[in-house]
Amino acid sequence: MRKIPGGLLLVPMLLAALMNTFLPNLFTNLGGVSEALFTTSGLNYVIGAACFCSGAGIDIKRLAIVFKKQGLLLVVKTIICLVVGFFYIQFFGMGGVFGISAIALITAICSTNPSLYLALEQDYGTQDDMNAFGLVGLFCVPAYPMLVFSIAQSTPVDWTPILSTLVPIIFGMIVGNLDKKMADYLAPGVVVLTPFMGWVFGAGINLFDALQSGLQGILLTVVFYVLLVPILVIFEQRILHEDGVSSLAVSSIAGMSVSVPALIAFSAPEYAIYVESATAQIALGVVISSIVTPMLARWEFKHTHPNA
């Protein structure tokens, strides 16, 4: 798996997607420990544990370094998402254009796969980059695209999912900074959990459903890269004076995003007509970006570190 960029996450994810496509109920029927470990039932626990371990590895004295780089990148990404989401709805309405609804576009551009981010930073980044996993994880929860969507629609925002992600990070930081030995003990847990995160993300993907979106799913993924990557990379290289790898590491569509259209429709039933197509398009985007982003990150790293 180490020979493939981001392979520690990507290989388990694709294997789980294959399993979910052809034997979707195997582990569910087994129940118990197997269901908790090999289906999406364990998704929130694995992410929570990774956030806790990541928080334990954050030295409060170095917190400013994390915010100075990844924090600013994510702020820029949020601004892009808000601007694109607002104007897309204003010009094309909820139905969008070329079959890509506003729900599909906003969900895709807001998405970040923190597990892939972590896998790529393990290969090409620094310890500070890896410690930013918890912060990046905040932008993975469905609440984030729902927040952007709500702002664009001027509807009430539910902050609970964001707070629920912050809690394990803060607890981890408290434990790790009070006891440095515990920090050293817990920090490697993020790497250990990476293949498990890959699996549970993949366990929610049906490859047939993803492929049904066809050209629309491919177009959505192209738009995702065109809108985000150039601005983020230029900002990181010209303003932050970094290599640009972190910009690419945060530019992928997370498997959890597949659930967002249904969650939006649950709170606003009038948007239910867009759920099926948006879900299929996003699912294909998950598969494509999980392959393309590691390739781009590897190319960028070799381009900026020719002697590495």
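Residues numbered from 1 in each chain as written. Predicted model: local features only at pLDDT ≥ 70, side-chain atom pairs only at ≥ 80, totals over all residues. Heavy atoms only, no water.

## Focus on helix α10 (residues 143-153)
Argument step 1. Summarising burial for α10: eight of the eleven residues are buried, a large majority.
Argument step 2. Regarding α10, the residues found buried are A143, Y144, P145, L147, V148, F149, S150 and A152. (Buried < 20%, exposed > 50% of the residue type's maximum accessible area, 1.4 Å probe, protein only. Helix = DSSP H or I, 4+ residues; strand = E, 2+ residues; numbered from the N terminus.)

## Considerations on the pattern of salt bridges
Argument step 1. Scanning all chains against the criterion turns up three salt bridges.
Argument step 2. K69 serves as the salt-bridge partner of E242, at 3.7 Å between the closest nitrogen and oxygen. Residue E242 is located in the loop between α15 (214-239) and α16 (245-249), and its partner K69 is located in helix α5 (residues 63-92); the two are separated by 173 residues in the primary sequence.
Argument step 3. The network of salt bridges with shared partners includes K69, D129, E236 and E242. (Salt bridge = Lys/Arg side-chain N within 4 Å of Asp/Glu carboxyl O.)

## Some details on the environment of C110
Argument step 1. Structurally, C110 is set in helix α6 (residues 102-110).
Argument step 2. For C110, the contacting residues outside a window of four places in its chain are K77, C81, F139, Y144, P145 and V148. (Contact = heavy atoms within 4.5 Å.)

## Considerations on the packing of helix α4 (residues 43-56) against helix α13 (residues 189-202)
Argument step 1. Following both chains from N to C, one finds α4 and α13 inclined at 160°, their axes separated by 9 Å at the closest point. On the basis of their axis angle, the class for α4 and α13 is roughly antiparallel. The crossing of α4 and α13 is left-handed. Residues L43, V46, I47, A49, A50, C53 and S54 of α4 pack against G189, V190, L193, F196, M197, V200 and F201 of α13.
Argument step 2. The residue inventory of the contact of α4 with α13, partitioned by class, reads twelve nonpolar, two polar and no charged. (Axes fitted to C-alpha atoms, helices over the stretch in contact; angles between N-to-C directions. Parallel < 35°, antiparallel > 145°, perpendicular 65-115°, else oblique. Left-handed = near helix turned anticlockwise from the far one by under 90°. Nonpolar A, V, L, I, M, F, W, Y, C, P; charged D, E, K, R; others polar.)

## A look at the nonpolar core
Argument step 1. Residues M94, I103 and Y271 are the most contacted members of the largest nonpolar core, which totals 90 residues.
Argument step 2. For this core, the element with the most residues is α5, which contributes nine residues.
Argument step 3. When near neighbours in sequence (up to four residues on either side) are disregarded, M94 contacts I89, S101, A102, I103, F149, Q153, Y271 and Y274. (Core = buried A, V, L, I, M, F, W, Y, C linked by side-chain atoms within 4.5 Å.)

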